[in-house]
Amino acid sequence: LVGTGQRFAEADLLAERGRLIEVLQRRGHPLVTRDSIRAIVFGANEDAKPDTVDIRFEIRPGPRMRFGDVHVEVDGPERAPARLDSMARGDGQVTTRIEDDTRLEPFLLHRALRFAPGDPYDVSRLRSTKQRLERVGVFSFSDITPQLPAASLQGDSLELPVLPHRIRLRTRPRHSIRLEGFVLQRSYLLGTERD
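Residues numbered from 1 in each chain as written. Predicted model: local features only at pLDDT ≥ 70, side-chain atom pairs only at ≥ 80, totals over all residues. Heavy atoms only, no water.

1. Quick word on the overall build of the protein chain
Using the following cut-off: Starting at the N terminus, helices and strands are each numbered in turn, a helix being any DSSP run of H or I of at least four residues and a strand any DSSP run of E of at least two. Three labels apply to residues, based on accessible area from a 1.4 Å probe with only protein chains included: buried if under 20% of the type maximum, exposed if over 50%, partly exposed otherwise in between. By definition, residues are in contact when any of their heavy atoms lie within 4.5 Å.
Check the secondary structure of the protein chain and you find four helices and seven strands. Traced from its N-terminal end to its C-terminal end, the protein chain shows the element sequence α-β-β-β-β-β-α-α-β-β-α. Considering the protein chain as a whole, with its 195 residues, one finds that 28% of them fall into the buried category. A separation of at least 24 residues holds for 57% of the contacts in the protein chain among residues at least 6 apart in sequence.

2. Quick word on the pairing of strand E5 (residues 92-99)
Basically, it comes down to this: In this description, strands pair whenever DSSP reports at least two bridges between them.
Bridge count between strand E3 (residues 66-75) and E5: six bridges; the pairing is parallel. Paired with Val70 across the strands is Val94, a residue of E5. One ladder, built from seven bridges, connects strand E4 (residues 83-89) with E5; its direction is antiparallel. Looking at the pairing, Arg83 lines up with Ile98 of E5. The hairpin formed by E4 and E5 contains two residues between the paired strands, and Gly90 there has a positive phi angle of roughly 60°.

3. Details of the environment of Arg89
Mapping Arg89 onto the fold places it in strand E4. With 19 residues separating them along the chain, Arg89 and Val70 place their C-alpha atoms 9.5 Å apart. Ignoring anything within four residues of it in the chain, the contact list for Arg89 reads Val94, His110, Leu113, Phe115, Ala116 and Pro117.

4. Examining the pattern of salt bridges
To keep things clear, this is the line we draw: What makes a salt bridge here is a side-chain nitrogen of Lys or Arg within 4 Å of a carboxyl oxygen of Asp or Glu, nothing more.
Taken as a whole and assessed by the stated rule, the structure comprises eleven salt bridges. Among the ionic pairs, Glu22 bridges to Arg127, the shortest N-O distance being 2.9 Å. Residue Glu22 is found in helix H1 (residues 10-26), and its partner Arg127 is found in helix H3 (residues 123-136); the two are separated by 105 residues along the sequence. Assessed through its relative accessible area of 21%, Glu22 is described here as partly exposed. In this structure, Arg97 engages Glu99 in a salt bridge whose closest nitrogen and oxygen atoms are separated by 3.0 Å. By relative accessible area, which is 37% here, Arg97 ends up partly exposed. Here Glu99 falls in the partly exposed class, since its relative accessible area comes to 27%. Counted as one network, the salt bridges with shared partners bring together Glu22, Arg26 and Arg127.

5. Looking at the packing of H1 against H3
Definition in use: Lines fitted to C-alpha atoms define the axes here, with helix axes fitted over just the stretch in contact, and angles between the N-to-C directions of these axes take values from 0 to 180 degrees. Every angle not falling under 35 degrees, over 145, or within 65 to 115 is termed oblique; those three ranges are roughly parallel, roughly antiparallel and roughly perpendicular. Any residue outside Ala, Val, Leu, Ile, Met, Phe, Trp, Tyr, Cys, Pro, Asp, Glu, Lys and Arg is labelled polar, Gly included; the first ten of those are nonpolar and the last four are charged.
One can describe the packing of H1 onto H3 by two numbers: an axis separation of 6 Å at closest approach and a directional angle of 85°. By the criterion of interaxial angle, the relationship of H1 to H3 is roughly perpendicular. On H3, the residues that touch Glu22, Gln25 and Arg26 of H1 are Val123, Ser124 and Arg127. Of the residues that constitute the contact of H1 with H3, the class distribution is one nonpolar, two polar and three charged.

6. Let's talk about the packing of aromatic side chains
What describes a pair of aromatic rings is the distance from one ring centre to the other and the angle between the planes of the rings. Going by this rule: The aromatic pairing rule takes the rings of Phe, Tyr and Trp, using the six-membered ring of Trp, and pairs them if the centres are within 6.5 Å, calling planes under 30 degrees apart stacked, those over 60 edge-to-face and the rest tilted.
Under the criterion given, the structure shown has two aromatic pairs. With 4.2 Å between their ring centres and 25° between their planes, Phe67 and Phe115 make a pair best called stacked. Here Phe67 is found in strand E3, whereas its partner Phe115 is found in the loop between helix H2 (106-112) and H3, with 48 residues between them in sequence. Here Phe67 falls in the buried class, since its relative accessible area comes to 0%. What makes Phe115 buried here is its relative accessible area of 1%. Seen from their ring centres, Phe67 and Tyr121 are 5.1 Å apart, and the 40° between their planes marks the pair as tilted. Residue Phe67 is located in strand E3, and its partner Tyr121 is located in the loop between H2 and H3; the two are separated by 54 residues in the primary sequence. An aromatic cluster is present here, built from Phe67, Phe115 and Tyr121 joined pairwise through their rings.

Nothing here speaks to function; it is geometry throughout.
Below, the structure is given as structure tokens:
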């Protein structure tokens, strides 16, 4: 935090704005952006030194939200029909569509999720999910994006609006190793050589 008596630096203000965005996104405000936070600079008051300024942040964080349904889409390098899976989790559903991959199981994807539909939104849980998916080593690409439905933000419900997410993954080509054994047949190795 920029404190009293510090030298004014734009880099410090930008860092503070980034910190505020992170705190708000961890506390349920996924729609907060750089444009949601403004720094207002006031001239020095009569009691302060002449070349000092006061800075106040105005913040419009948007609504608090919860995680909604999760839709996982996996594309693989093989040729295989799509497999669909749906599982109730938390207050919603996790649906999985695996196409062109015969070995990947939906269970692996469900275990990687660090959040469930209905949980309060927290950007750190999304990052943790992405890290877990990438550590598995099966995926060459991973992307988690919110799917903002306009209807979920409207109405007078006392519940927090939900924010569904789509997880897109691409599996790596799998290499297979074929081991072939052979025996070098020389008669002296087998004890059958005749002199």
